[in-house]
Amino acid sequence: MNLKYLLPFLIIALHSCDKTVENKSFEISGLLNDDFDGYVYLYYGNTIDSVLVNKRKFQFNGKVDNVEEGYLSLKSGAKQEGLYLENCTIDLKTEFDYREYNDEGQFPFISITSIEGTNTEKIRKDYYDFNQKNQNKEDFPNLLYKKLDTLITENSDNPFSGGILAGNARLRPILSKKEFIHLYSKLDTAKQNKSDLSLFKRSIASLEKYPEGKSFFEFTLPNKENEMLHFDNKYDKITLIDFWASSCAPCRKTNPKYVALKNRLKNFNFDILGISIDTNREDWLKAIDKDKLEWTNLIDIKKEVYDKLDVVGIPYSYLVDENGIILKVNPNIQEIEKIVREKASR
């Protein structure tokens, strides 16, 4: 899964640059945070470029016809950090660490920490600041709709707009279908990434099947002891039904937050039900133990429950009440806690 969908408002995008390079080409000047003996790779379109790092610095030159998605990497054949390219001068600061890669051992992984010289980085930062300032406000859905409407209207031909819209439909579906469709109509779809358009359409279709206010469906899945547990839409508490997998890095990063949330709400009417789409039980069990997930855990190896929901990616969750009515689709930590505490005070 493209990383920009895990935190859509943190996407790193390059567009409408402040400084134009002669001959309408782009020039990337990058700086690593530490000494590195090896190559940096740049992928875009059908092009693969590489340059040897020299005294922590690297530089790329190239040309794109339109704004285009690209990737940096410190490992040949792996696309690690996404960015959008446009013909201009781009200054990057980057850092690297070592991570496991497809069970092949540890490899260096590059991350971009800052970008200078682009107008779209200003747009990205403005959008990020907007989220930080407003996401916990009561009228956030209305504020978000207005923000996205302005952003997309002013940048309809920028793939950043399509990525942001798809990310919100996928990860934070707090707008109505009508609002999402209206925003989509403002995009210059010929200039958007096909993967973003596809994700948006699939996410909207998923929202139609099990939106807020609808009952979750009955299902039966095995637990850790391989006992078949049946859920008939009667829950003892307000329950977060969380879809995840041991191999999903964003899921594993979220697990400690759920553990902390469960502890904070231990005296409230709240529980978590984990549903993994792992295909290997041992990997699943090891992850449960390592992440200390001390709630009911089920495994959906055949993805029967997952596919019925038309979920397009993980992590993904549904907050339901004691009668199985969906209170929130894919809520964040703050939203979950707010809903649980508000219901307890009534």
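It should be emphasised that the depicted structure is a prediction, and the values quoted were computed from it without experimental measurement.

J.: Provide a residue-level description of the overall build of the chain, including the pertinent values.
T.: Across its full length, the chain carries nine helices and 15 strands. The C-alpha atoms of the chain give 22 Å as radius of gyration, which agrees with the globular expectation for 346 residues (20 Å, within 12%). The dimensions of the chain, computed from C-alpha atoms along their principal axes, are 65 × 45 × 35 Å. Taking all 346 residues of the chain together, 51% fall into the buried category. Across the chain, every contact between residues at least 6 apart in sequence was considered, and the portion connecting residues at least 24 apart equals 68%. Carbon and sulfur atoms form 45% of the exposed surface of the chain, whose accessible area is close to 17,300 Å². Distance between charge centres in the chain, computed from 50 positive and 54 negative side chains, equals 3 Å.

J.: Please set out the state of the cysteines residue by residue, giving values where relevant.
T.: Note on terminology: a disulfide is the covalent bond linking the sulfur atoms of two cysteines. According to the stated counting rule, one finds one disulfide in the structure shown. Put simply, cysteine 248 and cysteine 251 are joined by a disulfide, and their sulfur atoms are 2.3 Å apart. The chirality of the disulfide connecting cysteine 248 with cysteine 251 is right-handed, given an S-S dihedral of about 75°. What makes cysteine 251 buried here is its relative accessible area of 1%.

J.: An account of the packing of helix α2 (residues 140-154) against helix α3 (residues 159-171) is needed here, citing residue identities and associated values.
T.: Relative to each other, α2 and α3 sit at 155°, their axes nearing to 10 Å. Relative to α3, the element α2 lies roughly antiparallel. Between α2 and α3 the crossing geometry is left-handed. Residues Leu144, Leu148, Leu151 and Ile152 of α2 pack against Phe160, Ser161, Ile164, Leu165 and Asn168 of α3. Here the residues of the contact of α2 with α3 sort into seven nonpolar, two polar and no charged.

J.: Describe the pattern of salt bridges, with residues and values.
T.: Per the stated rule, a full pass over the model turns up 13 salt bridges. Linking arginine 264 and glutamate 337 is a salt bridge whose minimum nitrogen-to-oxygen distance equals 3.0 Å. Of the two residues, arginine 264 sits in helix α6 (residues 249-264) while glutamate 337 sits in helix α9 (residues 333-344), which places them 73 residues apart along the sequence. With relative accessibility at 39%, the residue arginine 264 sits in the partly exposed group. Assessed through its relative accessible area of 15%, glutamate 337 is described here as buried. Among the charged side chains, a salt-bridge network with shared partners connects Arg264, Glu337 and Arg341.

J.: Hey, could you go over the pairing of strand β1 (residues 26-32) for me, with residue numbers and the actual values?
T.: Every second residue of β1 is oriented toward a common face, the buried set being Phe26, Ile28, Gly30 and Leu32 and the non-buried set Glu27, Ser29 and Leu31. Relative to strand β4 (residues 57-62), β1 runs antiparallel, the two being bridged by six bridges. Paired with phenylalanine 26 across the strands is glycine 62, a residue of β4. Note that β1 and strand β7 (residues 89-100) share six bridges and pair parallel. Opposite glycine 30, over in β7, you have leucine 92 as the bridge partner.

J.: Outline helix α1 (residues 119-134), supporting the account with residue identities and numerical values.
T.: Under the 1.5 Å per step criterion, the end-to-end length of α1 is 23 Å for 16 residues, consistent within 8% with the ideal 22 Å. Looking at α1, one finds that the buried residues are Thr120, Glu121, Arg124, Tyr127, Phe130, Asn131 and Asn134. The inward-facing, buried residues of α1 abut β8 (106-116), α2 and α3.

J.: Tell me what's going on with the side chain of aspartate 242, and back it up with residues and numbers.
T.: By secondary structure assignment, the location of aspartate 242 is in strand β11 (residues 238-244). Residues within four places of aspartate 242 in sequence aside, it is in contact with Asn255, Tyr258, Leu273, Gly274, Ile275, Tyr316 and Ser317.

J.: An account of unusual backbone geometry is requested, with residue identities and associated values reported.
T.: That bond from isoleucine 314 to proline 315 is cis: its omega, 0°, falls within 30 degrees of zero. By secondary structure assignment, the location of proline 315 is in the loop between α8 (304-309) and β14 (316-320). Even without glycine at this site, lysine 55 takes up a positive phi of about 55°. If you check the backbone angles, aspartate 310 has positive phi at about 60° while not being a glycine. As for its placement among the helices and strands, aspartate 310 is situated in the loop between α8 and β14.

J.: Which residues make up the side chain of asparagine 87, and what values do they have?
T.: Here asparagine 87 is to be found in the loop between β6 (81-85) and β7. Look at asparagine 87 and you get buried, because its relative accessible area is 18%. Within polar-contact distance, the side chain of asparagine 87 engages the backbone oxygen of valine 64 at 2.8 Å.

Thresholds, definitions, all that
- Residues numbered from 1 in each chain as written.
- Predicted model: local features only at pLDDT ≥ 70, side-chain atom pairs only at ≥ 80, totals over all residues.
- Heavy atoms only, no water.
- Helix = DSSP H or I, 4+ residues; strand = E, 2+ residues; numbered from the N terminus.
- Rg over C-alpha atoms; globule rule 2.2 N^0.38 Å.
- Buried < 20%, exposed > 50% of the residue type's maximum accessible area, 1.4 Å probe, protein only.
- Contact = heavy atoms within 4.5 Å.
- Areas by Shrake-Rupley, 256 points an atom, 1.4 Å probe, with all protein chains shown as cover.
- Lys, Arg positive; Asp, Glu negative; His and termini not counted.
- Charge placed at Lys NZ, Arg CZ, Asp CG, Glu CD.
- Disulfide = S-S within 2.5 Å.
- Axes fitted to C-alpha atoms, helices over the stretch in contact; angles between N-to-C directions.
- Parallel < 35°, antiparallel > 145°, perpendicular 65-115°, else oblique.
- Left-handed = near helix turned anticlockwise from the far one by under 90°.
- Nonpolar A, V, L, I, M, F, W, Y, C, P; charged D, E, K, R; others polar.
- Salt bridge = Lys/Arg side-chain N within 4 Å of Asp/Glu carboxyl O.
- Pairing = 2+ DSSP bridges.
- Expected span 1.5 Å × (residues − 1).
- Polar contact = N/O pair within 3.5 Å; in protein donor to acceptor, adjacent residues only side chain to side chain.

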